[in-house]
Every structure is written in C-alpha cells, then in structure tokens.
Amino acid sequence: MSEQITNVLMAGVGGQGILLASEILSEAAMLAGFDVKKSEIHGMSQRGGCVVSHVRYGRQVFSPIVPEGEGDILFGFELMETCRSLPLLKPGGAVVVNDLRILPPSVLMGQEPYPDGLVERIKARFPDFQLLDGQHVAEQAGNVRAANTVLLGAVSKRLNIAEQFWMRALEKMVPPKALDVNRKAFQLGRES
Amino acid sequence: MKEILSGNEAIARGAFEAGCLVACAYPGTPSTEILENTIKYKEIDSSWAPNEKVALEVAIGASFGGGRALCTMKHVGVNVAADPLFTLAYTGVRGGLVLVVADDPEMHSSQNEQDSRNYSKFAKVPMLEPSDSQECKEFTRLAFELSEQYDMPVMLKSCTRISHGKSIVELEERVSGLPAPKLEKNPAKLVMLPGNARVRHPLVEESLQKLSHAGSKMAINRSELRDRSIGIITAGVSYQYVREVLPNASTLKLGMVNPLPYDLIREFAAQVEKVYVVEELDPFIELQVRAMGINAVGKEIIPLCGELTPGRLRSAFGLPQTTPVPAEKLPGRPPNMCPGCPHRGVFFALNQLKAYVTGDIGCYTLGFMPPLSAMDTCVCMGASIGMATGVTKVVADQEKKKVVAVIGDSTFLHTGINGLMDMVYNQSPATVVILDNSITAMTGRQDNPASGFTLMDAPAPAINIPLLCTSLGVKNIRVINPLDLEETKRVLAEEMERPETSVIITNKPCVLIKREGVFQKGPVYAIEDDTCTGCRACLKIGCPAIEWRPAADGGKKGKAYIDPLLCTGCDVCRQLCKFDAIGSKK
Ligand SMILES: Cc1ncc(C[n+]2csc(CCOP(=O)(O)OP(=O)(O)O)c2C)c(N)n1
Ligand code: SF4
Ligand code: SF4
C-alpha cells in the first residue's frame, strides 16, 4: 500500500444525508484495509446550514480534516455548496456533482437571485467534472430517496476501493428494506 | 473487533469497558452524543440532568457510593459545574470519576471558545487529552484507573474535531471484578468543612506532584525523536496537524496535559535544537514550559484564536501553501428555524412591538436573524431573565415596558428559574416569554424535566411550567398558542404594558419531535397564483418553505410559492396574507 492519502470532500446542505454517505465511504475504506478519518461539523446543520464532510483514507492518516487545497475529489450534493467548497480542492481535482439547487434564505426572500452559470464556473476550473441527475437516476432504481447512493456509485469509480467493499458497507449501513434499491442505485451511479 | 467510531462514541465505549455504572450530563455541542451512546450499554445508568452542576453532583454521589461515574458537558458547561468541581478536587473520589469536557475552538456551535485546560490547572484536577477515537476510548479507561489510583477526579478534554471526527477503534471487553458499590462513611474525606479541607488541600498538591513524576513514564506521554533540529511539544488534535504538516519533526506528544510531566519535557527539550509548542487557543503548555526555563516558541507564530488546521500550521511555520482556487462570491446559507417552528410567531410579534429582547440560547436564538430580527442580547444559558431585570433597573419607566426576556423550556429549567425568582423577589416590571416547545431542540432534541420522558425513553413526571411559575410568586401568567399571530401579539402587548413581572408561556411543540402524539403535521398550504398580488407580506415570517419567484418576464410582479415537501401546515403565513391567497389543500 502506498503512502498516498486519498482526500474526499462532500459538500451540501444539512438534512441531505451527507453524514450517512460519508459513513458508507469510510466503512468501505476500512473494509478495504485502509486507515480512515472522517470529520465534519454537525451542530446547526439540522437548521439548513452548509455541511462539508471530510473523509481521508490511506496507510496512516493524521489530520482528520483535508488540508486546504489538497482535496482529490469533491462530491457535491448541491450546486452552490459545491462551488463554495472548491478552494478545498487541489488543482486538477475531480468534481462529481448532483444537479440540484436548494435555495438559501436570501434567495427565498427574493433579495438576490440564486447564482447562475455555476456548472460552467466549476467546469472551467475543474475540467474533470461530472454532472449527475441523482434524483432522476434514483427514480429508475426504484426510489428517489436513493439519490445519494447514485452519487456514491459515481464517486466510487474514481476511488481505489474495490466494489465488494462498497457492497459490504452498503449492507452494513443501509436498512435491509432499502438495500435492493440502494444496490441498484449504486450500480447505476457507477455506470454513469 | 474494529469499528469506525466518533470520539464521542469511543468515549462512551471506553466508559462501558471501564465498568462505569453511572453517566450523567446536560446536552451541549459537541459533547451531547456521549450520553446518547452510553444508553446503548444497559450496564450504565444514563440520565440527563437539568444542568451541568446537577449532572456533576449526581456523578459525585455515584462515585462516593463506590461506583465508577462519568459526567460530560461542553466547555461552557464547566462554568456552571465549577462550584462542585473545585471542591471535588479536595474530597477526591471513591469510585473513579471522569469528567469529559468538549471544547469548541472556532465556535462552530458556541458563544465563546474558552480553553478548558485552564480549568484543570485552576481546579487542580488532572486532565488527559486524546487525539483520535482510539485514544478517546483508551484514555477514558485510563482516566477511571488514574482517578481511583490517585484518589482524584480526572478530566478528559475533547474538542469538536475529536468528538465529531471518526476513526478506527479496536473494541475490548468490559472489565470485571470491580468492588460492588455500598455505603461507607468517611466524613474526614467527604465533608469539606474548613478543618477537613485544610487537611485535604496539601494532599491534592502532593498527588499532583506524584502524578507529574509518574507522567514522565506513562505511555500516553511519548517522545518521538526524528529530525532533531526542531522539537514540537503538542497534544490532542494539534498533534495530528503537526504530523501532517511537519512529518519529520521530533515531537513530544502529551496525553496528559495537567499536571505536565516536567521530567519528560526537560529531557525532550535537551535532545532537540529548537523547541516549539503547538496548541490550540491559550498558551497553556507553552507558559509552563517557558516557566521551566525552556526557551520555547509558541503563540508568537501559532494563532491564539480559532482552530488550528493544516493550512494555518503551514503558514505559522512559513511553509509553502498550495494555492487553492479563489473563493467564489456566493449568497450565504445561514441556519434558519424549521418550517412551522413554533418560535417564529413570537419573534415576529416582538419585532412588530419594537420590544427590547434580552435573549437566551437555543433554536430561538435564530430569532436574531432577519427577517425576524428580534433579539438584542445573548450571553449565556439562563441569562435572559436576569438581564431583563437589570435593564429595567436603569432605564426610564417608558422604556421598561419594552423589555422582554425570551427563554426556552430547557434553558429555563437549566438556570433561568433562578433569574425568575429574582425578578419576582425584586419586582422587575419586565415580561418573560418561556418558549415551551416540549424539548431541548437546539442540541438535537433531548428530553428534559418538563418533557415527560427520561434519556432512556421511560415515562417521567413532567414539570408543569405554569404551576411552577405560580409557586415562584408570578401573578400574571398567560399560556398562548404561538401559531396564532393575533393572540401572540395581543397578549405580548398587554403584558408588556403591565408594570409587574409577567410570564407568557407558549404551548406548541418543536416540529421535529418524532414521539407519537406530540407534534402533528397540519395540512399542506399552497398559494393561489391568481390571487397572490406579489405583496411579499408572507415572506416577512422567514419560513424556509416559502419561496419568492420573480416574474418570468423580469417584470416587477413576482409571486410567492410554498414548497409542499417542506410545509408543515402551521398556518402562520396564511394569517399574514391580506388577499386570502394562502390556504390549506384539503
Ligand atoms: C452552559 C451551557 N450548556 C449547554 C449549552 C448548549 N445548549 C445551547 S442551547 C441548549 C438548549 C436549548 O433548549 P431550549 O431552551 O429548550 O430551546 P430550544 O432549542 O428547544 O428552542 C443547549 C443545551 C450551552 N450553550 N451552555
Ligand atoms: S428544531 Fe424545533 S425548535 Fe428548533 S428550529 Fe426546528 S422546529 Fe424550531
Ligand atoms: S403554513 Fe406557511 S409558514 Fe407554516 S410551514 Fe407552511 S409555508 Fe411555512
């Protein structure tokens, strides 16, 4: 195993299920034999604030947070929050983002518009970019609520963790009832 | 067996493995999940206390009874529990007693970033500081052992990154064979009257000295010699940042930050050319190291405020930074009360009445944010009522009427009740609003003495807040439905006008309570497009379910829209619409 640490960032809005997604990734990394650390701030997150989860894995991980500008991959659950977290990414890092807009209070109240052209702005800086309609693909898998798993599937392609470990992590973290749909959602994401 | 655990889960696990019998706490970010995890172990009696002082006193009792006891709180909780803590240092323990305190550098969810290590020195209590989840578990076990071995309570200091960070932990079995708790009288040790306390204090000083010597040999204090041109003394999460950023530097990793292992520090300093101290917040280790005559560099380069990060450490040491893409200018995303939150109407009315609102801490502190913008002070839990009394002591009669304290149910029972006693006793004309949403919502919905359930989810007697206020001597008590804006505003105006103490209690639950029969979702509301004139009146309530949709042609007249997935049917926006455009979908 190389000394290389893989730095994954997940950004979105409180209530989107980022904690569970980052837990599945951490579990898969541990099952694959890596040391893992994960960090995020959850306090006000329940009240619709921004959430950024940091997951790092490799032979031995020290800092629980991704050093500024060293993220390998940014996994965005929402467009504006993805954009906000770009400075955490290393030059040439990859972005996988869900095509979803959640309006912040100032936009809801009509004080300013939701910024446009975000996709283009991200792409211009990080050409290794994938836009996904997580909700739509999840519907094909059988449940819109599996959108995060679709995204996780897409991210998984870019990470050095074998598929069997992802499957075992899903089995452990997802309630049995929802497992089939989530497996399918993961596969569709992986193939996207 | 290996598992990925958060620091908080690992501390709970460590308490379980250590044979802990009692865990008591008042919730507070980032410490809350420790007790939410000790409940997984049926061997531990876990409970929420009304405040941190009581929580610590319960743990002290359990220890005096002979059982191992855990008490947890956030950093500011120690301010509340400081009174018993300082004298507990003198009595010492019977069963091991571990006090976990979780700091919040950077103030992710706190009103200050006080550095709890100062308490350990001030109160003369040993303190351990883990740097990942594995250490959280191991150090918790060790803390119980040291507590009994040295007859002292032991503090375990965490922080947001440690408590909420997750890493791999090796699980072990629960220890067995601890002596069974039973009553045993020992007044010379446990009754801290001056005569006894004078005997105990020198023993405390002696134990600290012994522990400092022993600390130099403890495995948790570890000298790692690498490149000897710089030697970094560090502890806790800062150690991880040091290893990340300066992998070749020699480090002295301290697992025990009070008392410091002086012999080991001296030995380490002699083996390296230049000594640095890397620690978050105060120069706690640094000042002591310098007092030893070691010329260490610390806060000259390491920030005094906020968290450390690998990037901040890099710039402190003048190391090259990766230049990230510049931050985008984007609309902010501040937290907001939930759709249908029962607090909203009260702040809307207070804003309209131009009240001077002494605030408190809870979800309702968000009433400070626009568009509600109705909070003028916020200092610490329970402070709203005392501050209201104080303000009315100095301002002119006409202004006294404007003074309203707002406080949540949990905060009222925490320390607000004392303020209310004073307000009645000393006859302040201020108005108090107790926002009773039947839960401690801010920290993730914990039960409290008025919610009718315990931490273990067993039914419990619920304090009747109106009756409690009556018994304190409040003559004017009104219970209102905060979702009825007209009633809320009218009652507030009447009570503000009254030149006597009055208490208004709201009676609608937090919308996130999942327990059956507490919160009932109403019918979803919708805005009729043809009737909506685009007057924006409904936006003034700041409900996140309501969205302003500008006119498609870019013209002036937009319309409001309700997201049916978010609306909880609280009816408040309907009351604001003069054109009857808002209604429930039957
Ligand atoms: C001394 C202290 N202990 C704990 C906390 C953490 N804390 C902040 S608000 C709060 C409880 C708020 O509950 P409540 O007053 O019922 O208001 P709600 O959030 O339900 O609106 C807690 C425990 C704190 N800030 N200070
Ligand atoms: S959690 Fe409850 S009290 Fe807090 S904002 Fe939401 S509804 Fe209001
Ligand atoms: S009824 Fe109106 S104010 Fe209440 S939750 Fe629905 S949209 Fe928000």
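As a convention, each chain's residues are numbered from 1 in the sequence order in which they are written. The naming scheme follows written order: chains are lettered A onward, ligands numbered 1 onward. At least 70 in pLDDT is required for a residue's local features to be given in this predicted model, at least 80 for side-chain atom pairs to be given and counted, and no such filter applies to totals for whole chains, interfaces and linings, which use all residues. Hydrogens are left out, water is left out, and the side-chain values use all remaining heavy atoms of the structure.

Draft legend 1. Structural detail: the sheet that holds strand 16 (residues 431–435) of chain B. Residue and element names in this part refer to chain B. Between any two strands, pairing holds if DSSP finds at least two bridges. Strands are runs of DSSP state E lasting at least two residues, helices are runs of H or I lasting at least four, and both sets are numbered from the N terminus onward. The strand order across the open sheet formed by 5 strands is 14-15-16-18-17, and the pairing between neighbours is parallel. Of all strands in the sheet, those with a lone pairing partner are strand 14 (356–358) and strand 17 (476–480), marking the two edges. Each neighbouring strand pair of the sheet contributes to a mean axis angle of 25°, computed without reference to strand direction. Two elements, strand 14 and strand 15 (residues 403–408), share 3 bridges in a ladder whose sense is parallel. Note on strand 15: the bridge partner recorded for T358 is A405. Across the sheet, helix 15 (residues 383–394) lies against strand 14, strand 15 and strand 16, angled at about 175° from strand 15, the strand it touches most. We call two residues contacting when some pair of their heavy atoms lies within 4.5 Å. Each axis is a line fitted through C-alpha atoms, and for a helix only the stretch in contact is used; angles between axes span 0 to 180 degrees, taken between their N-to-C directions. Sitting on the sheet, helix 17 (residues 409–425) touches strand 15, strand 16 and strand 18 (502–506), and the angle it makes with strand 15 is about 145°.

Draft legend 2. Main features of the pairing of strand 11 (residues 249–254) of chain B. Residue and element names in this part refer to chain B. Of all 6 residues in strand 11, 6 are buried; the element is thus mostly enclosed. Sheet topology places strand 9 (residues 222–224) next to strand 11; 3 bridges connect them, and they run antiparallel. Among the inter-strand pairings, S223 is bridged to a residue of strand 11, identified as L252. Of the pairings in the sheet, the one linking strand 10 (residues 227–235) to strand 11 comprises 6 bridges and is parallel in character. By the bridge assignment for strand 11, G231 is matched with S250. The crossover handedness rule: strands pointing away from the viewer, path from first strand over the helix to second strand clockwise, crossover right-handed. Once you follow strand 10 into helix 10 (residues 236–245) and on to strand 11, the crossover reads as right-handed. Relative accessibility decides the category of a residue: with a 1.4 Å probe and only protein chains considered, values under 20% of the type maximum give buried, values over 50% give exposed, and everything between is partly exposed.

Draft legend 3. Broad picture of the site of ligand 3. Neighbouring residues are identified by heavy atoms, a residue being near a molecule or strand if any of them is within 4 Å of it. Near ligand 3, the surroundings consist of 13 residues, among which B:C543, B:C567, B:C570, B:D571 and B:C573 are the closest. Polar here means any residue other than Ala, Val, Leu, Ile, Met, Phe, Trp, Tyr, Cys and Pro, which are nonpolar, and Asp, Glu, Lys and Arg, which are charged; Gly is therefore polar. Class assignment of the residues belonging to the shell around ligand 3 gives a composition of 9 nonpolar, 3 polar and 1 charged.

Draft legend 4. Up close: the nonpolar core. All names here are of chain B. We define a nonpolar core as any set of buried Ala, Val, Leu, Ile, Met, Phe, Trp, Tyr and Cys residues linked to one another through side-chain atoms lying within 4.5 Å. Core analysis: the biggest nonpolar cluster contains 68 residues, and F347, L350, V406, F412 and L420 have the highest contact counts within it. Here this core gets 6 residues from one element, more than from any other, and that element is helix 17. In this entry, domain limits derive from an automatic or database-based domain assignment. When residues of this core are assigned to domains, at least three fall in each of domain 3 (344–506) and domain 4 (525–584). In this structure F347 touches M337, Y364, G367, L372, A374, M375, V406 and L435, once residues within four positions along its chain are discounted.

Draft legend 5. Looking closely at the sheet that holds strand 8 (residues 166–170) of chain B. The strand order 6(A)-5(A)-4(A)-1(A)-3(A)-2(A)-8(B)-1(B) describes an open sheet built from 8 strands, whose pairing is mixed. Looking along the sheet, the strands with just one partner apiece sit at the ends: strand 6 (129–132) of chain A together with strand 1 (2–6) of chain B. Recorded for the sheet is a direction-independent mean angle of 25° between the axes of neighbouring strands. Helix-sheet contacts for helix 1 (residues 18–31) of chain A involve strand 1 (6–13), strand 2 (35–40) and strand 3 (50–58) of chain A together with strand 1 and strand 8 of chain B, and the interaxial angle to strand 2 of chain A is about 170°.

Draft legend 6. Molecular detail of the site of ligand 2. Ligand 2 sits among A:R47, B:M337, B:C338, B:C341, B:H343, B:C363, B:N437, B:A441, B:C510, B:V511 and B:L512. Those chains with residues close to ligand 2 are chains A and B.

Draft legend 7. Summary view of the pattern of salt bridges. Residues and elements named next belong to chain B. When a carboxyl oxygen of Asp or Glu lies within 4 Å of a side-chain nitrogen of Lys or Arg, that pair is called a salt bridge. Under the defined criterion, the tally for this structure stands at 53 salt bridges over all chains. The salt bridge involving R161 is made with E307; its shortest N-O contact spans 2.9 Å. On the criterion of sequence distance, the pair formed by R161 in helix 7 (residues 160–164) and E307 in the loop between helix 12 (284–291) and helix 13 (310–316) is long-range, its members being 146 residues apart. We classify E307 as buried; its relative accessible area is 4%. Where R478 meets E495, a salt bridge forms, and the shortest distance between an N and an O atom there is 2.6 Å. Residue R478 is located in strand 17, and its partner E495 is located in helix 19 (residues 485–497); the two are separated by 17 residues in the primary sequence. Here the salt bridges do not stand alone but share partners, grouping R478, E486, R490, E494, E495 and R498 into one network.

What is shown is where atoms sit, not what they do.
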